[in-house]
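# Reading the structure
Listed here are the chains, written in short residue letters.
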Amino acid sequence: MSSPSTRQRPPSSHNLVELVRRHHAERAPTALAVLKEAVERRGEVTDDDRRVAAERSGLPEAAVYGISTFYDDLLQPRGRRHIRVCTGTACFAACGGSHVQELTQALGLELGERTQDKSISLAETVCLGLCHSSPAVRDGDVIDAGSGVVRRVLAGASRPAVEPDWQSVLPDPVLVRPGDWSGLGRALRAMQPQELLEEVKAANLRGRGGAGFPAGSKWEFARAAVGDQKFIVANGDEGDPGSYIDKYLMERNPALLLEGMALAGYAVGASHGFVLCRSEYPLSKPALDAAIERARGDGLLGDHILGSAFSFDVTVIEGAGSYVVGEETALLACLQGLRGTVSARPPFPAQRGVHAMPTVVNNVETLCNVGFIASQGAQAYRELSPGATPGSKLVCFNERFLRPGVYETRFGTTMRELCEELGGGLRDGRAIKALQIGGPLGGILPAALLDTPFDFDELDAVGCMVGHGGIVAFDDQTDMREVARHLLHFGAHESCGKCFPCRIGLKRAHEMFVSETPVDRARLETLLETLELGSLCAHGSGMPAPIRSLLTHFSQELGLA
Amino acid sequence: MIRVIVDGQAVEVEGGATVLEAVRLAGGSIPTLCFDDRQAPFGACRVCMVGVAGAPGPMPACTTPCRDGMEVDTCEPTARRVAGTVVELVLSELPEPPGAHTELAAVARAFGVTDSRWPGATHAPDHDERHPYLSLHHELCISCGRCVRACDEVQGAFALTATGRGFHANVTAGLDAGFLDSSCVSCGACADTCPTDAITEISLLSLVAPDSG
Amino acid sequence: MIDRFDSTVTTTCGYCGVGCRLDAHTSGGKIISISPAPDGPANQGHTCLKGRFAHQFSRSRDRLTAPLIREGGRLRPASWEEAIDRVVTGFSRIKTESGPDAIAGLASSRATNEDCYVMQRFMRAAIGTNNIDNCSRVCHSPTSFAMRRAFGLSGATGSFADIDRADAALLIGANATEGHPVAGARIKQAAMRGMQLVTIDPRRIELADYAVLHLSPRPGTNAAVLLGLAHVVLRDGYVDHDFVARRTDGFSEVEELVALYPPEVVEEISGVPAGDVETAARIYAQATEASILWGLGVTEHKYGSEVVRLICNLALMTGKVGRPGSALLPLRGQNNVQGSSDMGALPDTYTQYRSVEDEDVAREFEGRWGVRLSRTKGLTIPQMFDAAVDGRLKAMYIFGEDVAQTDPNTAHVVRALESLEFLVCQDIFETETTRYADVILPASAFLEKTGTFTNAERRIQLVRPAIAPPGDARTDFDIITSLSRQMGHDMGLATPEEAMGEIAALTPHFAGVTYERIGRRGLQWPVAADGTDSPMLYGERFELASERGQFGALPYKEPGDAADAEFPLILVTGRRLQHYNAGTMTRRTANLQLLASDWLEIHPDDAARLWVTDGQLISVRSRVGRIEIEAKVTDRIEPGHVFTAFHFPEVRTNLLIGSSADINTSCPEYKVVAVDVRPIAERPAFTPVLPEPALAPPN
């Protein structure tokens with residue numbers, strides 16, 4: 001008999017996704033897309049824009065309001081000239097944030113403000129992916145970086161920063177070679193979807209986005225899941241400050257990503273893919289869209305690829321400024337134009353993803369490995385990094401290094417080798433005080449531990465992680481209390497606000513470091529434990545890692561009580 | 001059916017049941033803030049943390065599915081400590097203590113939490129009392145999402161939404177112009193589920209319970 | 001738990017037929033708040049703005065708190081003794097002078113089962129007439145009539161829970177999110193979860209936005225649409241022949257009949273595109289489990305009861321009845337429409353719809369009540385008014401009904417009331433009807449009484465008093481049993497619970513009903529002597545002598561009214577979310593702040609043609625009356641149709657409704673009224689020149 005406990009309860013809140021699905025089927029744009037158009041056109045989002053977005057997207061007005069208050073891009077008012085200053089960790093490591101101060105003072109604007117006449121606006125952004133040339137400032141559509149950037153911006157003479165080329169230590173590069181679609185060709189000719197799936201599993205391809213989850217397992221779940229449709233989503237929301245690896249992949253080698261997505265689609269039975277890239281990388285979407293056009297023209301995307309029965313196409317969607325959207329459930333929410341908040345799992349995306357259909361979410365770099373596995377086989381892939389995690393890995397270095405840039409390397413190389421042989425050590429004769437590896441949720445490695453090998457388990461053992469592969473060096477002049485403050489500011493600002501520990505805890509942790517009074521270590525430890533063990537996603541549970549590293553290795557600098 | 005052991009007592013639950021359901025079936029109770037029987041589990045408040053044998057850390061009871069042979073400890077010290085700290089943090093964001101009759105106050109009492117070790121920024125008072133029956137006091141909102149989900153999953157009026165992010169997360173009706181100017185159908189499901197009186201009935205605003213001892 | 005309230009009483013909502021269980025919280029002798037009971041079986045911890053908030057009427061300053069009697073043309077307060085004496089004297093005199101059949105009573109579909117039971121016993125045993133009816137006459141009597149003929153029992157075949165279990169559902173003539181908000185919310189959620197919903201309504205109701213398909217038939221053409229659905233089901237091989245053969249009679253006639261209604265013909269009659277008829281039929285037929293829900297948009301028509309039969313036909317031919325998820329669920333309008341009729345507050349039946357002409361049944365009641373009972377059917381509500389105007393009916397006892405506002409052809413009703421020698425009204429407020437009363441007895445609201453209501457899924461649920469009646473007002477049960485005693489028929493029933501004991505003893509379907517067994521979960525009748533209830537009917541057999549479901553081969557017929565040159569638009573009436581029926585209760589609450597006045601919905605094309613603008617005051621004229629109302633221009637309504645509600649006495653929509661009614665049950669045709677609409681500023685003589693559609697010149 002009926003009772004509240006037998007009320008038909010969905011496994012998760014699904015009505016907004018259902019509305020999105022229904023309206024998508026009728027080619028309605030997402031609410032987020034309409035709001036983004038509005039802000040591009042008008043410089044801000046008004047209630048009229050929200051009503052139009054509700055009308056066009058089919059979402060309720062309230063939901064649209066909620067979306068419009070979530071994303072940085074929709075919240076920051078824009079003047080005719082919109083200046084976005086990067087406050088990422090590499091920019092912080094480069095100059096301690098002095099570029100921000102210089103700009104606010106010279107413009108007479110605080111971050112997030114616009115002049116009364118709407119001529120100029122100033123906003124914060126994290127991060128522009130020019131960590132090799134910090135500090136970076138985006139002036140309208142031009143991203144300038146490096147010394148003198150503030151002067152150039154103020155003089156109205158911004159110029160596009162130059163990106164260093166990427167390199168590989170491998171004789172036959174996997175990731176920095178241009179994608180040639182040979183893996184897809186081979187798979188469609190010679191492999192059943194299940195065989196491809198087995199090959200990826202045998203290759204033990206681990207996710208490159210942070211968690212290191214085996215890609216083959218995700219695919220297997222999605223392949224087994226029941227759904228009218230299935231989707232492949234490439235997570236191009238490389239929000240980790242200090243990382244610009246996926247940016248390089250999407251902008252320089254988009255075909256490799258598209259091939260990987262098509263292969264994933266073939267293996268799991270998906271006919272459509274989405275790439276979610278960042279609005280902070282304005283060049284990514286155009287590069288991907290152009291590559292998609294080319295691939296369609298070459299019969300590599302679209303219906304009956306290479307004359308086979310397999311059809312697959314890709315849509316590129318740009319985010320709107322939110323770090324947590326890199327988390328897979330938040331990513332799916334953003335992709336569907338909803339608030340980019342995290343959802344509890346289960347249900348996993350492999351069961352309920354885009355439009356509540358089974359969905360594989362893989363990081364961009366992860367997918368870029370699939371073409372090699374398909375063309376060369378699992379064995380060849382495993383041999384790329386002997387005795388370590390299979391495959392190769394892209395790493396990148398921040399501006400403090402002598403030779404910053406993106407490098408393809410083997411797993412198992414020590415951090416010292418990476419920093420010295422690839423990065424060339426620090427510039428200006430500075431010494432490494434510490435490294436933050438893999439983004440803001442990664443621990444901080446003191447110089448004394450530089451001989452730690454670059455690999456999942458080894459870094460984990462010293463409280464660090466591979467993460468995205470971004471390597472940010474803090475030089476010997478860095479104030480580590482400032483590092484804590486910088487990281488916690490970022491953590492609190494980017495918390496999606498869904499789970500209580502992260503929503504309130506990161507704010508309180510930041511307040512502890514901002515306060516003039518010494519930080520009570522016991523209270524801080526309690527807070528960190530609650531964040532680590534209580535948070536819903538890796539943002540809240542990961543933010544304590546660098547703080548713990550600082551407590552372990554630099555406690556004397558933190559102003560503890 | 002799956003067999004789960006809750007605090008030493010074995011119970012049989014259906015596949016797909018959550019740990020929270022198993023605990024309740026075993027006659028136990030776990031404090032919750034964002035959970036409502038009428039809604040899908042949300043997993044936001046993290047107050048329902050329990051110990052699960054073999055798990056790397058405390059698990060939220062409301063969103064964790066039961067596995068056969070799972071052993072659940074509702075009094076596991078780490079889980080209780082984490083959950084208690086969360087309650088402390090929640091109290092710290094309110095400019096005034098929650099009314100004694102509210103669910104939040106009851107949960108705080110269950111954890112013996114009366115104050116917070118982390119005083120800090122609180123939410124600024126902001127009231128919508130234009131509706132004849134419903135009031136929304138934004139500063140009392142703890143972003144549990146229950147009102148938004150009640151409006152979505154129970155009534156289907158979609159008049160409420162979560163707003164902002166991080167510490168500034170809150171809820172609002174329609175385009176933030178209040179209940180009267182939204183698609184609200186005045187069913188009151190939001191007021192019914194709100195654990196803090198952030199949304200309540202106008203008629204109850206002045207009705208205060210005697211304080212707990 | 002720290003509580004703010006003096007007391008909390010769980011009771012059952014007195015508004016619509018969903019039957020929400022409510023927790024009424026009091027402070028200082030007043031209801032201060034109402035919340036949904038978490039374990040309410042029909043509402044599952046939810047309720048709407050009426051049940052939750054519209055309770056302030058119970059302490060409204062204009063509540064009747066003392067009996068009123070007419071003296072020198074004016075009403076004055078009186079003591080209960082005086083008032084009851086006046087009633088007894090009045091009824092006794094007329095009974096002596098003109099016989100018991102010169103007196104008629106109306107029970108209320110808002111009152112409890114026990115109130116309705118003692119009311120019909122009062123009329124039958126104390127007065128001696130079968131002239132007893134209730135307001136289900138004007139809403140769902142066609143449903144009751146048709147379902148009894150098709151299946152055997154007068155009630156939903158399943159439960160609201162079937163909405164959650166259905167793969168598809170047809171919702172016909174019911175704007176559930178406004179009329180039955182909690183059921184509407186449940187339907188919407190089911191549709192969002194993937195239940196294939198088809199809405200059929202002249203208006204694009206809110207649920208149409210969540211449906212996979214919406215059909216807008218011309219008002220009065222539901223029969224054609226249902227025959228068309230049956231046609232496609234038959235033509236495309238979706239008939240469950242095994243079910244039809246094993247469990248039904250009369251299919252061959254239906255086969256012949258529906259052959260005449262291919263979708264193209266249906267399109268011609270109803271305006272519903274043929275393709276949509278096909279799609280709707282397939283959605284219903286292909287679903288493993290599919291339910292049909294309907295409201296007054298089906299019943300309040302000249303052939304309303306026949307349309308209900310056609311609905312039953314559709315379920316019978318596809319075998320979609322008597323299974324979880326495959327239910328026929330009429331959405332009952334008032335809280336106790338089901339119960340008031342179950343209790344025998346009808347001119348032709350005792351409890352459980354047993355005929356007053358049935359000798360055995362009459363003897364059973366005579367045995368229990370100790371009086372001789374009439375074997376002659378009494379008058380239905382419309383017949384009562386006719387008889388009053390004719391002078392055959394001299395007195396009425398109207399309990400909890402505002403017939404002068406809610407019944408059709410208001411002018412005729414008022415004439416009837418004026419013609420009566422003696423009118424007794426029992427109500428909680430003065431109403432349009434009480435203006436004609438000789439005695440007004442102050443009664444109690446649902447929050448003040450004990451008893452039971454039976455909801456739209458046949459669930460008998462307890463009603464408990466949260467507060468006392470105001471002033472000298474008394475419970476209806478108390479008033480009716482006292483009157484009966486004074487009339488010389490002491491029922492010997494001290495409490496409603498004792499009345500339920502008598503009902504159970506006299507009514508097989510209530511055999512096992514006790515308050516204790518009803519408890520917090522209710523009982524869905526039939527209830528066996530051991531207390532086993534029936535969430536689902538007809539799983540194995542239909543409750544007819546043949547035990548087989550009966551098809552009805554009923555063709556489409558034109559509605560009682562049609563648009564013509566003088567009255568070119570069709571008016572449909574219905575409900576608004578914020579108000580309830582005559583508005584007697586809801587207009588005395590802050591719901592009035594949420595919706596203060598009514599409007600007439602009109603399509604932009606019609607509005608443009610008639611020079612009507614949004615928000616303008618307009619005149620609406622029918623063959624029998626005229627009202628003035630504000631226009632609301634909206635494309636939710638089809639061209640050619642207009643819509644308004646009937647909650648506001650200042651509008652008095654029912655002045656427009658004529659005397660057309662269901663042929664079997666006299667349920668008025670509220671849903672098809674030809675009207676003329678024009679801006680009020682125009683002189684009545686002026687007819688706007690309507691642009692004719694451009695026609696091709698003849699060859």
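### Observations regarding the overall build of chain C
What chain C contains, in helices and strands, is 24 helices and 26 strands. Over its C-alpha atoms chain C spans a radius of gyration of 25 Å, differing by no more than 12% from the 27 Å that the globule rule assigns to 699 residues. Its C-alpha atoms put chain C at 85 × 65 × 60 Å along the principal axes. Looking at chain C residue by residue over its 699 residues, the buried ones come to 64%. The contacts of chain C with a sequence gap of at least 6 include a subset with a gap of at least 24, amounting to 73%.

### Here we look at the overall build of chain B
From N to C terminus, chain B includes 5 helices and 10 strands. Computed over C-alpha atoms, the radius of gyration of chain B comes to 18 Å, within 12% of the 17 Å expected from 2.2 N^0.38 for 213 residues, which places it in the range of a compact globule. In terms of overall dimensions, chain B has a C-alpha envelope of 55 × 40 × 35 Å along the principal axes. Looking at chain B residue by residue over its 213 residues, the buried ones come to 60%. Looking at chain B alone, contacts between residues at least 24 apart form 60% of all its contacts between residues at least 6 apart.

### Details of the interface of chain C and chain B
Chain C puts 25 residues into the contact, and the matching count from chain B is 24 residues. Elements with a minimum of two residues in the side of chain C that touches chain B: β3 (30–36), α1 (49–53), α7 (181–193) and α23 (591–594) of chain C. Tallied by class, residues from the side of chain C that touches chain B come to 12 nonpolar, 9 polar and 4 charged.

### A look at the interface of chain A and chain B
Between chain A and chain B, the residue contacts involve 44 residues of the former and 48 residues of the latter. Of all the elements in the fold, those that place two or more residues in the side of chain A that touches chain B are α3 (47–57), α4 (61–68), α20 (480–494), α21 (500–514) and α22 (521–534) of chain A. The element contributing the most residues to the side of chain A that touches chain B is α21(A), with 8 residues.

### Description of the packing of helix α3 (residues 113–127) of chain C against helix α20 (residues 476–486) of chain C
All names here are of chain C. Following both chains from N to C, one finds α3 and α20 inclined at 15°, their axes separated by 9 Å at the closest point. Our classification of the angle between α3 and α20 gives roughly parallel. The element α3 and its partner α20 pack so that their crossing is left-handed. Contact residues: Glu114, Asp115, Val118, Met119, Phe122 and Ala126 in α3; Asp476, Phe477, Ile480, Thr481, Leu483 and Ser484 in α20. A per-class count over the contact of α3 with α20 returns 7 nonpolar, 2 polar and 3 charged.

### What about the sheet that holds strand β6 (residues 127–128) of chain B?
Residues and elements named next belong to chain B. The strand order β6-β7-β10 describes an open sheet built from 3 strands, whose pairing is antiparallel. Pairing within the sheet leaves two strands with one partner each, and these edge strands are β6 and β10 (199–201). In this sheet, strand β7 (residues 134–137) lies alongside β6 in antiparallel orientation, the contact comprising 2 bridges. Bridge pairing links His127 to His137 in β7.

### Quick word on the sheet that holds strand β4 (residues 136–139) of chain A
Residue and element names in this part refer to chain A. Taken together, 5 strands build an open sheet; the order of strands is β2-β3-β1-β4-β5 and the sheet is mixed. This sheet does not close on itself; its edge strands, each paired only once, are β2 (113–114) and β5 (142–145). In this sheet, β5 lies alongside β4 in antiparallel orientation, the contact comprising 4 bridges. Across the sheet, the residue bridging to Asp139 is Val142, located in β5.

### Regarding the pairing of strand β12 (residues 406–410) of chain A
All names here are of chain A. Buried residues dominate β12, accounting for 4 of its 5 residues. Bridging between strand β6 (residues 167–168) and β12 involves 2 bridges; their strand directions are parallel. Bridging across to β12, Gln167 finds its partner in Tyr407. Where strand β11 (residues 392–397) meets β12, 5 bridges bridge the pair, whose relative direction is antiparallel. What sits directly across from Ser392, in β12, is Arg410.

### Focus on helix α17 (residues 381–390) of chain C
Buried within α17(C) we find Ile381(C), Pro382(C), Met384(C), Phe385(C), Ala387(C) and Ala388(C). On the buried face of α17(C), the contacting elements are β6 (103–107), β7 (132–134), β14 (395–399) and α19 (410–419) of chain C.

### So, the pairing of strand β2 (residues 21–27) of chain C
Residues and elements named next belong to chain C. Here strand β1 (residues 7–12) runs beside β2; their pairing, made up of 6 bridges, is antiparallel. Its bridge partner being in β2, Val9 is matched across the sheet by Ala24. Direction of pairing for β2 relative to β3: antiparallel, over a ladder of 6 bridges. Of the residues in β3, the one forming a bridge with Thr26 is Ile31.

### A look at the nonpolar core
Among the nonpolar cores identified, the biggest contains 452 residues, and Val233(A), Ala169(C), Leu171(C), Leu229(C) and Ile311(C) are the most heavily contacted of them. Leaving out residues up to four positions away in the same chain, Leu229(C) has contacts with Val277(C), Ala280(C), Ala281(C), Tyr284(C) and Leu314(C). By size, the runner-up hydrophobic cluster in this structure holds 30 residues, among which are Leu610(C), Val612(C), Ile618(C) and Ala674(C).

### A closer look at unusual backbone geometry
A cis amide bond links Val126(A) to the next residue, Cys127(A), at an omega of -10°. Inspection of the secondary structure puts Cys127(A) in the loop between β3 (120–125) and β4. Residue Ser134(A) is joined to Pro135(A) through a cis peptide bond whose omega torsion reads -5°. Within the element layout of this structure, Pro135(A) appears in the loop between β3 and β4. Backbone geometry places Phe158(B), a non-glycine residue, at a positive phi of 55°.

### Looking at the environment of Ala608(C)
Along the polypeptide, Ala608(C) turns up in helix α24 (residues 604–609). Each C-alpha atom of the pair Ala608(C) and Val633(C) lies 9.4 Å from the other, and the pair is 25 residues apart in sequence.

### Section: the confidence of the model for chain C
Residue and element names in this part refer to chain C. In this model, chain C carries an average pLDDT of 92, and 97% of its residues clear a pLDDT of 70 or more. Per-residue pLDDT stays below 50 along residues 684–699; that stretch engages in 3 contacts with residues further than four places along the chain or on separate chains. Scored as a whole, the predicted complex attains pTM 0.94, and scored at its interfaces, ipTM 0.96.

### Details of helix α10 (residues 193–202) of chain A
Residue and element names in this part refer to chain A. When α10 is considered as a whole, its buried residues turn out to be Leu196, Leu197, Glu199 and Val200. End-on view of α10: buried residues confined to an arc of 160°, all on one side of the axis. Within two residues after α10, Asn204 carries a phi angle of roughly 50°, on the positive side.

### So, the packing of helix α9 (residues 182–190) of chain A against helix α13 (residues 254–268) of chain A
Residue and element names in this part refer to chain A. At a minimum axis separation of 9 Å, α9 and α13 run at an interaxial angle of 20°. Put simply, α9 runs roughly parallel to α13. Taken as a pair, α9 and α13 cross one another with a handedness that is left-handed. For the pair formed by α9 and α13, the contact residues are Gly183, Leu184, Ala187 and Leu188 on the first element and Glu259, Ala262, Leu263 and Tyr266 on the second. Classifying every residue of the contact of α9 with α13 by side-chain character gives 6 nonpolar, 1 polar and 1 charged.

Criteria and cut-off values
Residues numbered from 1 in each chain as written. Chains lettered and ligands numbered in written order. Predicted model: local features only at pLDDT ≥ 70, side-chain atom pairs only at ≥ 80, totals over all residues. Helix = DSSP H or I, 4+ residues; strand = E, 2+ residues; numbered from the N terminus. Rg over C-alpha atoms; globule rule 2.2 N^0.38 Å. Buried ≥ 20, exposed ≤ 12 C-beta atoms within 10 Å, placed from the backbone. Contact = placed C-beta atoms within 7 Å. Nonpolar A, V, L, I, M, F, W, Y, C, P; charged D, E, K, R; others polar. Axes fitted to C-alpha atoms, helices over the stretch in contact; angles between N-to-C directions. Parallel < 35°, antiparallel > 145°, perpendicular 65-115°, else oblique. Left-handed = near helix turned anticlockwise from the far one by under 90°. Pairing = 2+ DSSP bridges. Core = buried A, V, L, I, M, F, W, Y, C linked by C-beta atoms within 7 Å. pLDDT = per-residue confidence, 0-100. Arc of directions from axis to C-beta.

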